Amino acid sequence: MRSFALLSLGLLTACASTPDPAPSTPSQTVRVTGGPVVSVGTAGVTAGGAVTSLRMTSTSTARVDTLWTQRDRVWEVLPAVYSALEIPIAQVDPDESVIGNPGLKLYRRLAKVPLMRYLDCGTTQIGPNADSYEVMLTVLTKVQRARPDTTTTTVGTIVEAMARPVAYKGEYVRCTSKGALEARLVEVLKVHLAP
């Protein structure tokens, strides 16, 4: 069973479709039953025990889009957007207006889409690691009013991942987002918001 720390999204002050210029560096702890303990951070990697523990420090910037829609309406349709993308919702924080999944375990695909279209986890002789590694994916979206005096809303989505080989014992590697999943989320969101 996994337990996850809250990944804060200190973002959404940027203009439409631009990354946050001053992202925070939140961290996330992922625990997976079975296997050795693995701790990744500034101190390096350590192993031992019966529970896998992975600590990730965010270096990603969120994709931030501004929509001409009221914040409450955007928040209302986000569960349907995540459902359409086949990302199970594991975290909902109405007070902070954050929704998503901070620890989705995947192999090869997200829904019918190969992970290599969304993530770069490096390559081996076989090909892109995203296609052959076990991936721990974080997708979180934060919604807030762009300005109190308007009906515009900023939607910021952060995608982060770590991956490790399944065919042999290996360490987790950090993946980088290609921006395609964040773009797809906004595209599906706009469809759901259309009159």
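See the structure printed just above.
First, a word on scope: everything that follows refers to the structure included in this document. Just so you know, these numbers come straight off a predicted model, no measurement behind them. (Residues numbered from 1 in each chain as written. Predicted model: local features only at pLDDT ≥ 70, side-chain atom pairs only at ≥ 80, totals over all residues. Heavy atoms only, no water.)

**Description of the environment of leucine 137**
Part 1 of the argument: Among the structural elements, leucine 137 can be located in strand β11 (residues 133-145).
Part 2 of the argument: For the pair formed by leucine 137 and alanine 163, sequence separation is 26 residues and the distance between their alpha carbons is 8.5 Å.
Part 3 of the argument: Aside from chain neighbours lying at most four places away, what touches leucine 137 is Asn101, Pro102, Gly103, Leu104, Leu106, Leu110, Leu119, Val159, Glu160, Ala161 and Leu181. (Helix = DSSP H or I, 4+ residues; strand = E, 2+ residues; numbered from the N terminus. Contact = heavy atoms within 4.5 Å.)

**Comments concerning helix α1 (residues 71-84)**
Part 1 of the argument: An ideal rise of 1.5 Å per residue puts 20 Å on 14 residues; α1 measures up with 20 Å between its terminal C-alpha atoms.
Part 2 of the argument: Its axis deflected by about 35° at leucine 78, α1 carries its strongest bend there, up to four residues before the proline proline 79.
Part 3 of the argument: Taken together, the buried residues of α1 touch β5 (63-67), β6 (91-93), β7 (98-107), β11, β12 (153-165) and α2 (180-193).
Part 4 of the argument: Positive phi appears at glutamate 86, one or two residues downstream of α1, with a value of about 60°. (Expected span 1.5 Å × (residues − 1). Bend = angle between axes of the 7 residues up to and from the residue.)

**A closer look at the pairing of β7**
Part 1 of the argument: Counting buried residues along β7, 8 of its 10 residues qualify, which places the element largely inside the surrounding structure.
Part 2 of the argument: Of the strand pairs in this sheet, β6 and β7 are connected by 3 bridges, and their pairing is antiparallel. When the sheet's bridge partners are listed, glutamine 91 is paired in β7 with glycine 100.
Part 3 of the argument: Taking the residues that link successive antiparallel strands as the turn, the β6-β7 hairpin has 4 residues, and the phi of serine 97 there is positive, at about 55°.
Part 4 of the argument: Both β7 and β11 contribute to a ladder of 8 bridges, which runs antiparallel. (Buried < 20%, exposed > 50% of the residue type's maximum accessible area, 1.4 Å probe, protein only. Pairing = 2+ DSSP bridges.)

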